[in-house]
There are 4 protein chains.
Amino acid sequence: MLKIAVAGGSGYGGLELISILLRHPNVEIKAVSSEQHAGIEVCRLYPHLRGIVDLRFSPMEEVLSSAADVLFLALPHGKAMHVVPKLPAELIVIDLSGDFRLHDPDEFEHYYGFPMTALESLPEFVYGLPEIGRDRLRGKHRVANPGCFATATILALYPLYRESWIDGSVYVDSKTGSSGAGRTPTPGTHHPRRSHSLFPYKPFAHQHLPEMRQVLANSDNPLIFQAHSTPLVRGIFASHYLKLKAPKTAPQIEELYADYYGREPFVRWIPGMPDSSSVEHSNYVDIAASTDGEHLIVWSTLDNLQKGAAGQAVQNMNILCGFEETTAIDQAPLFP
Amino acid sequence: MLKIAVAGGSGYGGLELISILLRHPNVEIKAVSSEQHAGIEVCRLYPHLRGIVDLRFSPMEEVLSSAADVLFLALPHGKAMHVVPKLPAELIVIDLSGDFRLHDPDEFEHYYGFPMTALESLPEFVYGLPEIGRDRLRGKHRVANPGCFATATILALYPLYRESWIDGSVYVDSKTGSSGAGRTPTPGTHHPRRSHSLFPYKPFAHQHLPEMRQVLANSDNPLIFQAHSTPLVRGIFASHYLKLKAPKTAPQIEELYADYYGREPFVRWIPGMPDSSSVEHSNYVDIAASTDGEHLIVWSTLDNLQKGAAGQAVQNMNILCGFEETTAIDQAPLFP
Amino acid sequence: MLKIAVAGGSGYGGLELISILLRHPNVEIKAVSSEQHAGIEVCRLYPHLRGIVDLRFSPMEEVLSSAADVLFLALPHGKAMHVVPKLPAELIVIDLSGDFRLHDPDEFEHYYGFPMTALESLPEFVYGLPEIGRDRLRGKHRVANPGCFATATILALYPLYRESWIDGSVYVDSKTGSSGAGRTPTPGTHHPRRSHSLFPYKPFAHQHLPEMRQVLANSDNPLIFQAHSTPLVRGIFASHYLKLKAPKTAPQIEELYADYYGREPFVRWIPGMPDSSSVEHSNYVDIAASTDGEHLIVWSTLDNLQKGAAGQAVQNMNILCGFEETTAIDQAPLFP
Amino acid sequence: MLKIAVAGGSGYGGLELISILLRHPNVEIKAVSSEQHAGIEVCRLYPHLRGIVDLRFSPMEEVLSSAADVLFLALPHGKAMHVVPKLPAELIVIDLSGDFRLHDPDEFEHYYGFPMTALESLPEFVYGLPEIGRDRLRGKHRVANPGCFATATILALYPLYRESWIDGSVYVDSKTGSSGAGRTPTPGTHHPRRSHSLFPYKPFAHQHLPEMRQVLANSDNPLIFQAHSTPLVRGIFASHYLKLKAPKTAPQIEELYADYYGREPFVRWIPGMPDSSSVEHSNYVDIAASTDGEHLIVWSTLDNLQKGAAGQAVQNMNILCGFEETTAIDQAPLFP
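Worth saying up front: this structure is predicted, and the values here are computed from it rather than measured. (Residues numbered from 1 in each chain as written. Chains lettered and ligands numbered in written order. Predicted model: local features only at pLDDT ≥ 70, side-chain atom pairs only at ≥ 80, totals over all residues. Heavy atoms only, no water.)

Asks: Help me get a handle on the packing of helix H1 (residues 12-22) of chain C against helix H11 (residues 306-321) of chain C, residues and values and all.
Replies: Residues and elements named next belong to chain C. One way to put it is that H1 packs onto H11 with a least axis distance of 9 Å and a crossing angle of 45°. Classified by the interaxial angle, the pair formed by H1 and H11 is oblique. Our pair here, H1 against H11, has a crossing hand that is right-handed. Seen from H1, the contacting residues are Gly-13, Glu-16, Leu-17, Ile-20 and Leu-21; seen from H11, they are Gln-306, Ala-310, Gly-311, Ala-313, Val-314 and Met-317. (Axes fitted to C-alpha atoms, helices over the stretch in contact; angles between N-to-C directions. Helix = DSSP H or I, 4+ residues; strand = E, 2+ residues; numbered from the N terminus. Parallel < 35°, antiparallel > 145°, perpendicular 65-115°, else oblique. Left-handed = near helix turned anticlockwise from the far one by under 90°. Contact = heavy atoms within 4.5 Å.)

Now the structure itself:
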């Protein structure tokens, strides 16, 4: 049994990690940290886990010094960079924050608003999006787990960028559920407002945008990204708009995606319209597209806490540790 | 007191009309028709109106033959075209359906799936979007009331098209609440699904698209429109993405919209991010924009049953009948 | 025009007051206070009021010293008792908090957790539930506006207590929307939880219970009250369960309520099942009942911010100031 | 591998059965019927199962004649009684409908509105609520799976009835999510209404009431039951109100429930307030209570499609077939 530690286990990302790891036959959670809740039982904060999880939250130091084989960092942005440089090289570290995702520290500072200070650790990290580079992950000990918006958009656009099908700018209109904002109540997640509210935020400035650009990397096709808050709880639903260099038929488009993702366990091609409720509580990404011959719309949807965070983190762990990649994250979506 | 008849009063559009007209000091509702509910009391179908509305639904013929001064047609698409040709010329007719919105019968048939048969009546109709042509409405007796998506997008893009600021295609990602689908329960409005669902529909094929194109009318700037269902009940939230011909500053953009809408009673320029919940139960359209210098995002949001249907219909009536334009539709948005 | 001041205008109660008073033809809002937001515009906190309300929040002192005719206190519990004793006797004061509702200071301290310190002002206050004592209100200058749960339950049970129809204990199961918890985000109103959560709170300890008991006042019929949080935004829905002393028929029950409320403008008897969505955004209370001959269930539902708070406060003001009682609060419920 | 057939697999109960059985290591789904959807793929009706379930819906006859070891009947009320008499005695049949739950055919006809015609099969059925009679289930071939409301209330009240703690009538105020109404859209589950609606239905007439009475069976303590529709999707939350014969302390009450359910894998005693969101997507029932010395409130909450239907059906199958009782239904609740 692999021993697991989770730093920052009291947020929704950490909670989802705990829920998934409970189902994993090859691992055992040894310690979970929370600055704010150190000393109290996990099930006091999350009563749905009463009788199921008997861990208590520990202070960070205890978690870092626990003899774990794998450490998940589910901390707010800007914390992991202070933790990682002190960790032993052989420890497998999967960071769910944005700290080690960007290669360019100037970009980081521009989008996150504070400097990236652990520059010496940066080269050790691999961007953990298995569908676009599973091999780069094998044998590594440090993974920067992608952002939820970035995962949805990169997977939707990657084949189009790689095959140079796009003429000019690409526009991404992405919609998110309230769980993406985390466990701390804010005016934007206050139920009397959020349950009947739809509003955009961070225009031209979302921190997942440089992450997308870094992977898609093509100055001929500028990427415009806009996030919107919706009354969903779980879910990212991303709509991508672009002009095709040359007309393509529906079968050609389907074939392109089949070439890239046909053997991927977590990517489903949808013949019709995808629906955020069809991937809830699962690690699937559903992708579909429609064309008028000249323009193309591509949709992708995923559960922000699963494929958009903790599910993908466990997928990365499975790859790094040599487990079957789908272990513990192969559950069917739940509906209704 | 002007006498009002409403044909098709049992749908949500008709209901909203009744609710607004109840507040109107210059009019009196004389008859409301419903094929399905003829004979029963309005307040039996809509119990929130118990003790307030004591009308019964009548058969269509009764409503058409009532000595009304103004007739609102809130019927499903394809019905008004059979009714209108028989109506007296001096009767003011405001049609909330799509029947008389498109000048080109081929376009109509392509998008609605059946032919427009009342061609002789078509020239009598004016497209009822006061903010882009209030003067065309005065003295007229027939109004084609715009679609909800069309209202949101035309108002957002009209200044940009008119001033030729746009380089290439324009992409519209629009989000709607469930009330837009009407009063009849369907799989897409079934609560166990819709309350946690976000999905697109009718790609490249929504019937409001030709309506937008007809007004914006510019072959240099193709318009791509995509509607999405969300868990909102009321509301259209439209995001418009485009490339600017020449860089513009935020103040220049604000000035453009001030030039066009600065004196409009129902258009508000929002310095920041608009929110669908800020216009609920009101006739306002909130518009905002953001630019990176090269690209522009414009947002517009409205209540689909108010400015997107019945509110705008009453606004049109007020103009045609010489009432103060804001009468009965000047209530503040309601929040939370 | 009567001059109005609102102390504590940044909460949902104060906001609803502003919205209603905007429609009132006989009054003018002169000042609105907010400790937290003094100096900023009302429409910056509540953007749906942009272009409609151009007031700024003032510090409390300014509001208290404004030459207002009527002062609404929409402050958190425990604040009004410090303000009221300093106010001029001729000022009409309507307090939406619990401070002056209970005659017995020991009860107050038991349920609110802190002492009632303005004992000398207590006798000046009348409990402002017009349907059970409109005459007591006339000529008064101080009103204790009832709680939302208390209004729903007292109106449902008052005829039964007065006529001694009840055998033994009465159980009240009441359900509330999230707006009842106010404008400040908390774990209980965090959208990711609240949108799919139903949970009880404060068993045997809710501060509206002594208010109900004080009015219904009958030791033969102990009142058990339990509040539940639901995913509604607006609305109180209260279910009352009891045993009848003697069997009653449905017509007898309807007649009883007609006797008490038949001429009330804001109480509707519903022949069937009431629905919280049928009173939203209105000052109505809908009441219905069902019996198996031996037991009786009575339901009442109201909008917690209207008849449960600000609507009733304006109703009280109308009575005290000699206006038509329904002025500004006669709008129809809004649906959907 | 046990072979499973599901009759009526296109409803939400059947869907939940499929989802659970997919996780069950000892069984294999061989056939799923749907009258309405025979011939089409399960994943076309339920796109979240695309790539996961490759079954097609069959006509009923095929399912009945498949060589299954266990047959689940997830049909509307009134259908199973026509199917069961023709089935082989050795087939294990678990009926999720109400057809075989009531011993008294007069009661059945009174509450269901049509006669129970398979009287000869009735004695073969055991009421499948393991927590109050696991032993009666062993060796049996026919199970009447309890109703969702009945499960919640029987488990909450059983210890109190058995120990004769109750003085007089018991009142049950139960709240349900929209998924309980099934997959077919109706006015009561129409999103524009249901998402902000709370309303009672079937006063003194719900078909789960005689089921509760049959088990609790005590004429000294009449049971009054009232169901309410809420904006939840999943969940039953039941509040039970009663007077105690003798005062009890909180520890005494906790001890009583520990005696009855302390070793039950699916019943959790909650020290505080239970929450419907804490049992979602799990087979747990959470129970809590509060007393003022004289009166007692007991709460129970469960997921209506799990412990209230399909989860409990699989629990019954596990018992009948000699599997570990928690197999495939031991997943933790999912939150948020």
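Following the structure, the description resumes.
Asks: Describe in detail the relation of the copies chain B and chain A, supporting the description with residues and values.
Replies: Turning chain B through 180° and shifting it by 0.0 Å along the axis lays it on chain A, with an RMSD of 0.0 Å. Classification of the inter-copy transformation places it as that of a two-fold axis. Among all residues of chain B, the minimum C-alpha distance to the rotation axis is found for B:Pro231, at 3.0 Å. A symmetric contact is evident, with 100% of the interface residues of chain B recurring at the interface of chain A. (Least-squares fit on C-alpha atoms with pLDDT ≥ 70 in both.)

Asks: A description of the interface of chain B and chain A should follow, citing residues and the corresponding values.
Replies: Listed as interface residues are 41 residues of chain B and, on the opposing side, 41 residues of chain A. Summing both sides of the interface, chain B and chain A together bury roughly 3,600 Å²; the carbon and sulfur share of this comes to 68%. Remark: the boundary between chain B and chain A carries four salt bridges. For A:Asp275, the salt bridge is made with B:Arg193, and the minimal N-O distance between the two is 2.7 Å. Across the chain B-chain A interface, the total number found is 24 residue pairs in polar contact (both at pLDDT 80 or more). For the side of chain B that touches chain A, the secondary structure elements donating two or more residues are strand S8 (166-176), helix H7 (191-194), strand S9 (199-201), strand S10 (223-229), strand S11 (236-244), strand S13 (285-291) and strand S14 (295-302) of chain B. (Buried area = accessible area lost by both parts, 1.4 Å probe. Salt bridge = Lys/Arg side-chain N within 4 Å of Asp/Glu carboxyl O. Polar contact = N/O pair within 3.5 Å; in protein donor to acceptor, adjacent residues only side chain to side chain.)

Asks: Outline the interface of chain C and chain A, supporting the account with residue identities and numerical values.
Replies: Contacts between chain C and chain A engage 18 residues on the former and 18 residues on the latter. Each partner contributes to the roughly 1,300 Å² buried at the junction of chain C and chain A, and carbon and sulfur atoms together form 67% of this total. Together, C:Pro185, C:His190 and C:His191 form the three largest contributors to the area buried by chain C at its contact with chain A, with a combined 49%. Applying the counting criterion to the chain C and chain A interface returns zero salt bridges.

Asks: Now, about helix H1 (residues 12-22) of chain D: what can you tell me, with residues and values included?
Replies: Most of H1(D) sits out of view: 10 of its 11 residues are buried. Looking at H1(D), one finds that the buried residues are D:Tyr12, D:Gly13, D:Gly14, D:Leu15, D:Glu16, D:Leu17, D:Ile18, D:Ser19, D:Ile20 and D:Leu21. Taken together, the buried residues of H1(D) touch H7 of chain B together with strand S1 (2-7), strand S2 (27-33), strand S4 (70-73) and helix H10 (306-321) of chain D. (Buried < 20%, exposed > 50% of the residue type's maximum accessible area, 1.4 Å probe, protein only.)

Asks: Now, about the packing of aromatic side chains: what can you tell me, with residues and values included?
Replies: Overall, the coordinates contain 54 aromatic pairs over all chains when judged by the stated rule. Plain terms: the ring middles of A:Tyr257 and A:Tyr261 are 6.3 Å apart, the flat faces sit at 40° to each other, and that makes the pair tilted. Placement of the pair is A:Tyr257 and A:Tyr261 together in helix H9 (residues 250-261), with a separation of four residues, close to one helical turn. Side by side, A:Tyr257 and A:Tyr261 carry an identical accessibility label, which is buried. With centroids separated by 6.4 Å and ring planes inclined at 50°, the aromatic side chains of B:Tyr46 and C:Phe335 adopt a geometry described as tilted. Of this pair, B:Tyr46 sits in the loop between helix H2 (42-45) and strand S3 (57-58) while C:Phe335 sits in the segment after H11, on two different chains. One exposure class covers both B:Tyr46 and C:Phe335, and it is buried. Through successive ring pairs, a cluster of aromatic residues spans A:Tyr158, A:Tyr257, A:Tyr260, A:Tyr261 and A:Trp269. (Phe/Tyr/Trp six-rings, centres within 6.5 Å; stacked < 30°, edge-to-face > 60°.)

Asks: Could you give an account of the relation of the copies chain C and chain A, naming the residues involved and the relevant values?
Replies: For these two chains of identical sequence, chain C goes onto chain A by a turn of 180° and a shift of 0.0 Å along the axis, with RMSD 0.0 Å. Of all interface residues in chain C, 100% are interface residues in chain A too; the two copies therefore contact each other through one and the same surface.

Asks: Could you give an account of the pairing of strand S1 (residues 2-7) of chain C, naming the residues involved and the relevant values?
Replies: Residues and elements named next belong to chain C. Pairing geometry for S1 and strand S2 (residues 27-33), over five bridges, is parallel. Bridging across to S2, Ala-5 finds its partner in Ala-31. Where the polypeptide runs from S1 across H1 and back to S2, its parallel neighbour, the crossover connection is right-handed. Here S1 runs beside strand S4 (residues 70-73); their pairing, made up of four bridges, is parallel. Paired with Ala-5 across the strands is Leu-71, a residue of S4. (Pairing = 2+ DSSP bridges. Right-handed = clockwise from strand over helix to strand, strands pointing away.)

Asks: Any details on the side chain of B:Ser197? Residues and values, ideally.
Replies: You can see B:Ser197 is positioned in the loop between H7 and S9. Assessed through its relative accessible area of 0%, B:Ser197 is described here as buried. A polar contact is formed between the side chain of B:Ser197 and the side chain of A:Ser277, at a distance of 3.1 Å. If we skip the residues at most four places from it in the chain, B:Ser197 touches A:Leu232, A:Asp275, A:Ser276, A:Ser277, B:Ser229, B:Thr230 and B:Pro231.

Asks: I'd love a proper account of empty space enclosed by the protein, names of residues and values included.
Replies: For the coordinates displayed, the defined rule picks out two cavities of 30 Å³ or more. As a volume, the largest cavity reaches approximately 800 Å³. As for the largest cavity, its lining consists of 41 residues, and the residues nearest its centre are A:Ser195, B:His191, B:Ser195, C:Ser195 and D:Ser195. Here the lining of the largest cavity is composed, by residue class, of 17 nonpolar, 16 polar and eight charged. Taken as a whole, the second largest cavity encloses approximately 40 Å³ of empty space. In this structure, the second largest cavity is lined by A:Leu334, D:Glu16, D:Ser19, D:Ile20, D:Arg23, D:His281, D:Gln306 and D:Gln331. If one sorts the elements of the lining of the second largest cavity by residue count, H1(D) sits on top with three residues. A per-class count over the lining of the second largest cavity returns two nonpolar, four polar and two charged. (1 Å grid on protein atoms, 1.4 Å probe; cavity = no way out; pocket = protein on both sides within 12 Å on 5 of 7 lines; lining within 4 Å. Points joined across faces, edges and corners; volume = space filled by probe spheres on them. Nonpolar A, V, L, I, M, F, W, Y, C, P; charged D, E, K, R; others polar.)

Function cannot be read off these values alone, since they describe shape.
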